[in-house]
Amino acid sequence: MSGDVSRPRKLNNGIVAAVCLAFFTGMVGMAYAAVPLYKMFCQVTGYGGTTQRAEKQYAGRVLDRDITIRFDANTNGIPWQFEPVARSVTIKIGETTQAHYSATNKFDRPITGRASFNVQPEMAGAYFNKVECFCFTDTTLKPGETLDMPVVFYVDPEIVNVPELKDLKTITLSYTMFPVEKKQPVASSAPAAGSSKKVPDSEASLGG
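Caption draft 1: Expanded view of the overall build of the protein. In terms of helices and strands, the protein carries one helix and ten strands. In sequence order, the protein lays out its α and β elements as α-β-β-β-β-β-β-β-β-β-β. Evaluated residue by residue, the protein yields a buried proportion of 35% over its 208 residues. Sequence-distant contacts, at least 24 apart, represent 79% of the contacts inside the protein between residues at least 6 apart. Taken as a whole, the protein presents about 12600 Å² of accessible surface, with 57% of it coming from carbon and sulfur.

Dropping the structure here:
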């Protein structure tokens, strides 16, 4: 009789263990999925000042209304000099415009960097569309190398239909450059002579 009682107990314990394992596996899976899902959410909604990656190069219409875009640059743990070539540009809403940042590797070996970005005010992120940007890919600079880093963008004319943004005069586009750790062959860590290049003065201008 006792054997009959113990069998259901063992069965129940097995079911409980299976449910716990399934729950644990699901939680781990959700943890790994959380970051890309959050990133996707930010890109779609503009939450947290996340800008949009434009599928088309032009807004379709340009409004007879100016807006000033300010440019900001920061570094976090990477030995680069990273800055905008110009601090601001005034454009028409809907106008496709190209701006430039400059990065110089101040370290004695190649360094790979990756830029994170946002805009202020945060609500404007949903209407700030990037056509091309250095932030879409990682960038590797040799020792002493300087690189011109363009970003092509426009402000969606729909921004004027948002009550909180209809009178907006200025948007700040901000980048923070982080190091990306990549295993390099021993030979590649030696300083490269003459690898530095100057950003031409003609590239310091901004315009549509």
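Caption draft 2: Examining the sheet that holds strand β6 (residues 111-120) more closely. An order of β4-β2-β10-β6-β8 is seen for the five strands of this open sheet, with the pairing classed as mixed. Looking at which strands have only one partner, the edges of the open sheet turn out to be β4 (88-92) and β8 (139-141). Along the sheet, successive strands turn relative to each other by an average axial angle of 30°, direction set aside. Of the pairings in the sheet, the one linking strand β2 (residues 66-75) to strand β10 (residues 170-180) comprises eight bridges and is parallel in character.

Caption draft 3: Here's a closer look at the nonpolar core. Counting 35 residues, the largest nonpolar core has Ile 69, Phe 82, Tyr 101, Phe 134, Ile 171 and Tyr 175 as the members making the most contacts within it. For this core, the elements supplying multiple residues, two or more each, are β2, β3 (80-84), β4, β5 (97-105), β6, β7 (128-133), β9 (146-155) and β10.

Caption draft 4: Region of interest: the side chain of Lys 130. One can find Lys 130 in strand β7. Although Lys 130 lies buried, it forms no salt bridge, and the closest oppositely charged side chain, Asp 72, sits 12 Å away as judged by the N-O distance. Within polar-contact distance, the side chain of Lys 130 engages the side chain of Tyr 175 at 2.9 Å.

Caption draft 5: Seen up close, the environment of Pro 143. By secondary structure assignment, the location of Pro 143 is in the loop between β8 and β9. Pro 143 gets classed as buried once you look at its relative accessible area, which sits at 9%.

Caption draft 6: Expanded view of the pairing of β3. Burial along β3 is one-sided: Trp 80, Phe 82 and Pro 84 are buried, while Gln 81 and Glu 83, pointing the other way, are not. Here five bridges tie β3 to β5, and the two strands are oriented antiparallel to one another. Its bridge partner lying in β5, Glu 83 is registered against Ser 102.

Caption draft 7: Highlighting the side chain of Thr 139. Here Thr 139 shows up in strand β8. For Thr 139, a relative accessible area of 10% gives the class buried. When residues no more than four places from it in sequence are discounted, the contact partners of Thr 139 are Trp 80, Ile 111, Thr 112, Gly 113, Phe 134, Leu 147 and Met 149.

Caption draft 8: How the structure looks around the environment of Gln 57. Mapped onto the secondary structure, Gln 57 falls in the loop between β1 (52-53) and β2. A relative accessible area of 44% means that Gln 57 is categorised as partly exposed. The sequence separation of Gln 57 and Lys 130 amounts to 73 residues, and the corresponding C-alpha distance is 8.6 Å. Those residues in contact with Gln 57 that sit more than four places away from it in its chain are Thr 96, Val 131 and Tyr 154.

Each value, and the rule that gives it
Residues numbered from 1 in each chain as written. Predicted model: local features only at pLDDT ≥ 70, side-chain atom pairs only at ≥ 80, totals over all residues. Heavy atoms only, no water. Helix = DSSP H or I, 4+ residues; strand = E, 2+ residues; numbered from the N terminus. Buried < 20%, exposed > 50% of the residue type's maximum accessible area, 1.4 Å probe, protein only. Contact = heavy atoms within 4.5 Å. Areas by Shrake-Rupley, 256 points an atom, 1.4 Å probe, with all protein chains shown as cover. Pairing = 2+ DSSP bridges. Axes fitted to C-alpha atoms, helices over the stretch in contact; angles between N-to-C directions. Core = buried A, V, L, I, M, F, W, Y, C linked by side-chain atoms within 4.5 Å. Lys, Arg positive; Asp, Glu negative; His and termini not counted. Salt bridge = Lys/Arg side-chain N within 4 Å of Asp/Glu carboxyl O. Polar contact = N/O pair within 3.5 Å; in protein donor to acceptor, adjacent residues only side chain to side chain.

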